[in-house]
Amino acid sequence: MLDMALPLIMDALANAALIFFVAVGLTLVFSVQRILNVAHGSFYSIGAYIAASMGLWLISAGLNPWLSFPALLLSAALVAMVLGPLVERTLIRWTYGKHEAIQILVTFGLFLILEDLQRLVFGVRSIYQDTPMSLLGVTEIGGIFYLNYQLLLIVLALVVLFGMRFLIKHTRLGRLLVAVVADREVSLAMGINTDRAFVLAFTLGVFLAALGGALATPTTGVAPGLGAETMVLAFAVAAIGGLGQIEGAAVASIIVAGAKVLAVYYAPAFDTVAPFLVMLTVLLVRPNGLFGTATTRKI
């Protein structure tokens, strides 16, 4: 029994780490800007495409393969710096205060545009670049060999989780974001530049999504449709954990990844629907999610 439990847990944690990067970015954007960004999955796939392309270029140029690690971070930073402020200032800002249906339609339209742009730029063929995973090798735990890269993903997810908590609770930027979340009008009256806070929050959310895509590249490769699949999983995680709850996103990522891995091990035919069966069960019992609470709404 232990022989089966250990690889199952490790696979679930490694998958949860990748889902968490996207879900926590989605959660951050919603908690600050009250926007359900359907285009969030596209930032994930764009980060993956750029990371894979950059890694392949490094290898073809004969450069040190260890540069592929900083390339993963650099690719996510490039996506965030270019698309974050651009999308927030030109499109997302227009949807603030509007009905949720309008927000979803606008961001879904952006998702379709970004998906087509990816096909135009990168083509429709799959890209695979596993240099970072190959360089780190494997580790034996309990007689079973695990990819060190997967262990690294788990560590990085924990770093992001505690880093986000520190940012929100112990930094000036975090306190500003909390103030804007609590009441935007009062924040404006106090002299807080809410527009700048929104740009920073959205850009950080884009960075986390792109980072998840970049880190996933060595294990899964990149192919058209990756953004849509990831977006649906991220929404499932956000719904289970509670919209706007960072800790909830972490716990829900483990639950969703665990359900998916269990299905792969014991019922492969249900691996695509298992996360959503879990989501349905949780929402039937707790409509606001595991960590969510009912809140009053200003009309």
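Computed from a predicted structure; not experimentally measured. Along each chain, the written sequence defines residue order, and numbers are assigned to residues from 1. The predicted origin of the model limits local features to residues at a pLDDT of at least 70 and limits the giving and counting of side-chain atom pairs to 80 or more, whereas totals for whole chains, interfaces and linings rest on all residues. Calculated side-chain values reflect all of the structure's heavy atoms, with hydrogen atoms and water omitted.

1. Details of the overall build of the protein chain
Labels follow the DSSP assignment, with helices taken as runs of H or I lasting at least four residues and strands as runs of E lasting at least two, numbered in each case from the N terminus. Helix and strand counts for the protein chain stand at twelve helices and two strands. Along the protein chain, helices and strands appear, N-terminal first, in the series α-α-α-α-α-β-β-α-α-α-α-α-α-α. Throughout, the radius of gyration refers to the C-alpha atoms, and the reference size of a globule is 2.2 Å times the residue count to the power 0.38. Relative to the compact-globule value of 19 Å for 299 residues, the protein chain shows a C-alpha radius of gyration of 19 Å, a close match. Residues classed as buried in the protein chain amount to 46% of the 299 residues present. Residue contacts follow a heavy-atom distance rule, with two residues in contact if any of their heavy atoms lie within 4.5 Å. Considering only residue pairs separated by 6 or more positions, the protein chain has 78% of its internal contacts joining residues 24 or more positions apart. For accessible areas, the Shrake-Rupley method is used with a probe of radius 1.4 Å. Any residue's cover is judged against the shown protein chains and nothing else. Carbon and sulfur atoms provide 70% of the accessible area of the protein chain, an area that totals close to 14600 Å². The averaged location of the 14 negative side-chain charges in the protein chain is 13 Å from the averaged location of its 16 positive side-chain charges. Using a 1.4 Å probe on the protein chains alone, a residue whose accessible area is under 20% of its type maximum counts as buried, one over 50% counts as exposed, and one in between counts as partly exposed. Charged residues are defined here as Lys and Arg on the positive side and Asp and Glu on the negative side; His and the ends of the chain fall outside this count. Just so you know, the charge point we use is NZ for Lys, CZ for Arg, CG for Asp and CD for Glu.

2. What about helix H12 (residues 274-285)?
Helix length check: H12, at twelve residues, gives a terminal C-alpha distance of 17 Å against a target of 16 Å (1.5 Å per residue), a fit within 8%. Inspection of H12 places Ala 274, Pro 275 and Val 282 among the buried residues, and these make up the whole buried set. With its buried residues spanning 105° around the axis, H12 presents them on a single face. Turning to H12, the residues buried within the fold contact helix H10 (226-241) and helix H11 (246-266). In this analysis, the expected span of each helix is defined as 1.5 Å times one less than the number of residues it contains. The arc in question is formed by the directions pointing from the helix axis toward the C-beta atoms.

3. Quick word on empty space enclosed by the protein
Both site types are read off a 1 Å grid over the protein atoms alone. A 1.4 Å probe that fits but cannot get out defines a cavity, while an open set with protein on both sides within 12 Å along at least five of seven lines defines a pocket; lining residues have an atom within 4 Å of a point. Grid points are joined across faces, edges and corners, and a volume is the space filled by probe spheres set on the points. Overall, the coordinates contain two cavities of 30 Å³ or more when judged by the stated rule. Empty space within the largest cavity amounts to approximately 40 Å³. Around the largest cavity sit Ser 45, Tyr 49, Glu 115, Gln 118, Arg 119, Ala 223, Pro 224, Gly 225, Leu 226 and Gly 227, which together line it. Of all the elements in the fold, those that place two or more residues in the lining of the largest cavity are helix H2 (40-60), helix H4 (100-122) and H10. Residues are grouped as follows: nonpolar covers Ala, Val, Leu, Ile, Met, Phe, Trp, Tyr, Cys and Pro; charged covers Asp, Glu, Lys and Arg; every other residue, Gly included, is treated as polar. Here the lining of the largest cavity is composed, by residue class, of four nonpolar, four polar and two charged. In this model, the second largest cavity occupies a volume close to 40 Å³. Lining the second largest cavity are Met 10, Asp 11, Ala 14, Tyr 146, Leu 147, Gln 150, Leu 151 and Ile 154. Of all the elements in the fold, those that place two or more residues in the lining of the second largest cavity are helix H1 (2-33), strand S2 (144-147) and helix H6 (148-170). Of the residues that constitute the lining of the second largest cavity, the class distribution is six nonpolar, one polar and one charged.

4. Quick look at the layout of surface pockets
In this structure, the second largest pocket spans a volume of roughly 570 Å³. Lining the second largest pocket are 23 residues, and of these Asn 15, Leu 18, Thr 220, Glu 229 and Lys 260 lie nearest its centre. For the lining of the second largest pocket, the secondary structure elements donating two or more residues are H1, H6, helix H9 (194-220), H10 and H11. Broken down by element, the residue count for the lining of the second largest pocket peaks at five residues, all from H1. Grouping the constituent residues of the lining of the second largest pocket by class yields 13 nonpolar, seven polar and three charged.

5. So, the side chain of Ser 42
Structurally, the position occupied by Ser 42 is in helix H2. Residue classification places Ser 42 among the buried positions, given a relative accessible area of 0%. Those residues in contact with Ser 42 that sit more than four places away from it in its chain are Phe 111, Leu 114, Glu 115 and Gln 118.

6. A look at the side chain of Thr 95
Its place among the elements puts Thr 95 in the loop between helix H3 (68-90) and H4. Within the structure, the side chain of Thr 95 is placed 2.6 Å from the backbone oxygen of Ile 92, a separation counted as a polar contact. In this view, Thr 95 contacts Ile 35, Gln 103 and Val 106; residues no more than four positions away in its chain are not counted. Whenever a nitrogen or oxygen atom comes within 3.5 Å of another N or O atom, the pair is scored as a polar contact, on the condition that within protein one atom can donate a hydrogen and the other can accept it, and that pairs from neighbouring residues in sequence are kept only if both atoms are in side chains.

7. Focus on the pattern of salt bridges
Side chains that differ in charge, positive against negative, can pair when their charged atoms come close. By definition here, a salt bridge exists when the distance from a side-chain nitrogen of Lys or Arg to a carboxyl oxygen of Asp or Glu is within 4 Å. Inspection of every chain in the model, using the stated rule, returns two salt bridges. Between Arg 93 and Glu 88 there is a salt bridge, with its nearest N and O atoms 3.0 Å apart. Assessed through its relative accessible area of 0%, Glu 88 is described here as buried. With a shortest N-O distance of 2.2 Å, Glu 247 and Arg 165 are connected by a salt bridge.

8. Things to note about H10
For H10, built from 16 residues, the straight-helix expectation of 22 Å at 1.5 Å per residue is met to within 8% by its first-to-last C-alpha distance of 23 Å. What H10 keeps buried is the set Leu 226, Gly 227, Thr 230, Met 231, Leu 233, Ala 234, Ala 236, Val 237, Ala 238, Ile 240 and Gly 241.

9. Considerations on the packing of aromatic side chains
Only the six-membered ring of Trp is used, alongside the rings of Phe and Tyr, when aromatic pairs are assigned; centres must lie within 6.5 Å, and planes under 30 degrees apart are stacked while those over 60 apart are edge-to-face, with the rest tilted. Applying the stated rule across the entire model yields seven aromatic pairs. Consider the rings of Tyr 49 and Phe 122, whose centres lie 4.6 Å apart with planes at 10°: the pair is stacked. Of this pair, Tyr 49 sits in helix H2 while Phe 122 sits in helix H4, placing them 73 residues apart in sequence. When its relative accessible area of 2% is taken as the criterion, Tyr 49 is described as buried. Given a relative accessible area of 26%, Phe 122 falls into the partly exposed group.

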